[in-house]
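Residue-level listing of the chains:
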Amino acid sequence: MACIVNAPSSVDTIYGRSVSRAEPKLEELPFLPPVIDRLAVAAADLRRFLARVHFAHETVPDLMAGALYHPTDVFELAKARYERVWMPLLATEIPSGARLAAPLDVQWVHHLHRLDPDAYRADCERGFGRLIDPADPFLVAGDGVPAEDPVAEASARVAWSAIAPGWPFDLGDALRDFRQRGRLFPDGCKVSFDSSSCDMVGSAARQGGFLYQVLPAHYSDATFIRHACERYAMLV
């Protein structure tokens, strides 16, 4: 089932009203300016990441539109790649400051898992005895689009091959291999992680609707995002 996404009209346009927005005073905010800056960057990165997931069918061969929102074979594969390769990889000793660009489908499942923080913490502590840092949560590769950080992509490919040489890194190659094997996974992973505390499929379906809410162009405007972060700080 595909999810058709068209940008909704703003509330102001729908009701034909003009809204005056008061500027928050920075000295009144509970967060320091650097924290606001990081929130703004993360918000912009999240929106780009969600759009990349939604439109992955345009760059990944044989991937149906909306397949990562539903219990399809590609979602089954993504979950297995996350549990059997990526999480054990992150649990190893990664050099401090190293950046890793995960395969798009794997980063997507990791994102879904972390949307349920209680389940994520419980699964991490059961599997590894500690909480696993997602490192770069919106940095992706392997979907037919150049990675934003080629060094992070190269580092991820090397680490991936070292821990799971029989598992293709790129989503298109992995999906083709999975189907050719009759939906059987490759051998070679000694450690497997269990994410069963989280309803991944339900979370994926909800995220498809969330992208619709943040698709309008003003959500990519740096000033708009900055003001939104300041208003969030006021709410806190």
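Not measured: the values here are computed from a predicted model.

S.K.: Just to check I follow, could you spell out the overall build of the protein for this structure?
M.R.: Counting its regular elements, the protein contains nine helices and two strands. If you list the helices and strands of the protein from N to C, you get α-α-α-β-α-α-β-α-α-α-α. Summarising the internal contacts of the protein: among those between residues at least 6 apart in sequence, 78% fall at separations of at least 24. Total accessible area computed for the protein in this model is approximately 12,700 Å², and 56% of it derives from carbon and sulfur atoms.

S.K.: Whenever I open this one, the packing of aromatic side chains confuses me. Can you help?
M.R.: Aromatic ring pairs are defined here through the distance separating the ring centres and the angle between the ring planes. Taken as a whole, this structure holds 10 aromatic pairs when the rule is applied. Between tyrosine 82 and phenylalanine 193, the ring centres sit 6.0 Å apart and the planes meet at 85°, which makes this aromatic pair edge-to-face. In this pair, tyrosine 82 sits in helix H3 (residues 73-91) while phenylalanine 193 sits in the loop between helix H7 (171-180) and helix H8 (200-213), placing the two residues 111 residues apart along the sequence. Classification of tyrosine 82 as buried rests on a relative accessible area of 0%. Relative to tryptophan 160, the ring of tryptophan 86 lies with its centre 6.4 Å away and its plane at 35°, an arrangement referred to as tilted. Of this pair, tryptophan 86 sits in helix H3 while tryptophan 160 sits in helix H6 (residues 150-163), placing them 74 residues apart in sequence. Take tryptophan 86: its relative accessible area is 1%, and that puts it in the buried class.

S.K.: What is the right way to read the side chain of serine 203 from this model?
M.R.: Its place among the elements puts serine 203 in helix H8. What serine 203 contacts, discounting residues up to four positions off in sequence, is Leu112 and Leu115.

S.K.: Is there a simple way to think about the packing of helix H2 (residues 33-54) against helix H4 (residues 104-114) in this case?
M.R.: The description of two packed helices rests on the angle between their axes and on the distance between the axes. With their axes 11 Å apart at the nearest point, H2 and H4 run at an angle of 120° to one another. It follows from the interaxial angle that H2 and H4 lie oblique. For the pair H2 and H4, the sense of crossing is left-handed. Counted together, Leu46, Phe49, Leu50, Arg52 and Val53 of H2 and Leu104, Gln107, Trp108 and His111 of H4 form the full contact between these two elements. In terms of residue class, the contact of H2 with H4 is made up of six nonpolar, two polar and one charged.

S.K.: Explain unusual backbone geometry here, please?
M.R.: The general pattern is negative phi for most residues beyond glycine and trans for most peptide bonds. Of note in this structure, aspartate 62 is not a glycine but carries a positive phi near 65°. When you line up the elements, aspartate 62 lands in the loop between H2 and H3. Residue aspartate 62 is classed as exposed on the basis of its relative accessible area, which comes to 60%.

S.K.: For this particular structure, what's the right way to read a nonpolar patch on the surface?
M.R.: A surface patch of nonpolar side chains, amounting to about 360 Å² of accessible area, comprises Tyr232, Leu235 and Val236. For leucine 235, the location among the structural elements is in helix H9 (residues 222-235). According to the relative accessible area criterion, leucine 235 is exposed, its value standing at 72%.

S.K.: Looking at this model, I keep getting lost on H9. Mind explaining?
M.R.: Since the α-helix turns once every 3.6 residues, residues separated by three or four places project in the same direction. An ideal rise of 1.5 Å per residue puts 20 Å on 14 residues; H9 measures up with 20 Å between its terminal C-alpha atoms. Listing the buried residues of H9 in full gives Ile225, Cys229, Glu230 and Ala233. Summarising the axial view, the buried residues of H9 lie within an arc of 140°, below the 170-degree limit, and thus occupy one face. Projecting away from the buried face of H9 at angles above 90 degrees are the exposed residues Arg231, Met234 and Leu235. As for H9, its buried residues are in contact with H2.

S.K.: Looking at this structure, how should I read H3?
M.R.: Between the first and last C-alpha of H3 there are 26 Å, a value that for 19 residues agrees with the 27 Å anticipated at 1.5 Å per step. In the structure, H3 departs most strongly from a straight axis at tyrosine 82, where the bend amounts to approximately 40°. Counted residue by residue, H3 has 16 buried out of 19 residues, so it is predominantly covered.

S.K.: Just to check I follow, could you spell out the nonpolar core for this structure?
M.R.: It is characteristic of soluble globular proteins that their nonpolar side chains tend to be buried jointly. Residues Leu63, Tyr82, Trp86, Met87, Trp108 and Trp160 are the most contacted members of the largest nonpolar core, which totals 55 residues. Listed by contribution, the elements that provide at least two residues to this core are H2, H3, H4, helix H5 (117-128), strand S2 (140-141), H6, H7 and H8. Broken down by element, this core gets its largest block of residues, 12 residues, from H3. Filtering out sequence-adjacent residues up to four positions away, tryptophan 86 remains in contact with Arg81, Leu100, Ala101, Ala102, Pro103, Val106, His110, Ala156 and Trp160. Within the second largest apolar cluster, seven residues are counted, among which are Leu29, Ala40, Ile225 and Cys229.

Analysis parameters
- Residues numbered from 1 in each chain as written.
- Predicted model: local features only at pLDDT ≥ 70, side-chain atom pairs only at ≥ 80, totals over all residues.
- Heavy atoms only, no water.
- Helix = DSSP H or I, 4+ residues; strand = E, 2+ residues; numbered from the N terminus.
- Contact = heavy atoms within 4.5 Å.
- Areas by Shrake-Rupley, 256 points an atom, 1.4 Å probe, with all protein chains shown as cover.
- Phe/Tyr/Trp six-rings, centres within 6.5 Å; stacked < 30°, edge-to-face > 60°.
- Buried < 20%, exposed > 50% of the residue type's maximum accessible area, 1.4 Å probe, protein only.
- Axes fitted to C-alpha atoms, helices over the stretch in contact; angles between N-to-C directions.
- Parallel < 35°, antiparallel > 145°, perpendicular 65-115°, else oblique.
- Left-handed = near helix turned anticlockwise from the far one by under 90°.
- Nonpolar A, V, L, I, M, F, W, Y, C, P; charged D, E, K, R; others polar.
- Patch = residues over 30% accessible without salt bridge, like charges linked within 9 Å, V, L, I, M, F, W, Y side chains within 5 Å.
- Salt bridge = Lys/Arg side-chain N within 4 Å of Asp/Glu carboxyl O.
- Expected span 1.5 Å × (residues − 1).
- Arc of directions from axis to C-beta.
- Bend = angle between axes of the 7 residues up to and from the residue.
- Core = buried A, V, L, I, M, F, W, Y, C linked by side-chain atoms within 4.5 Å.

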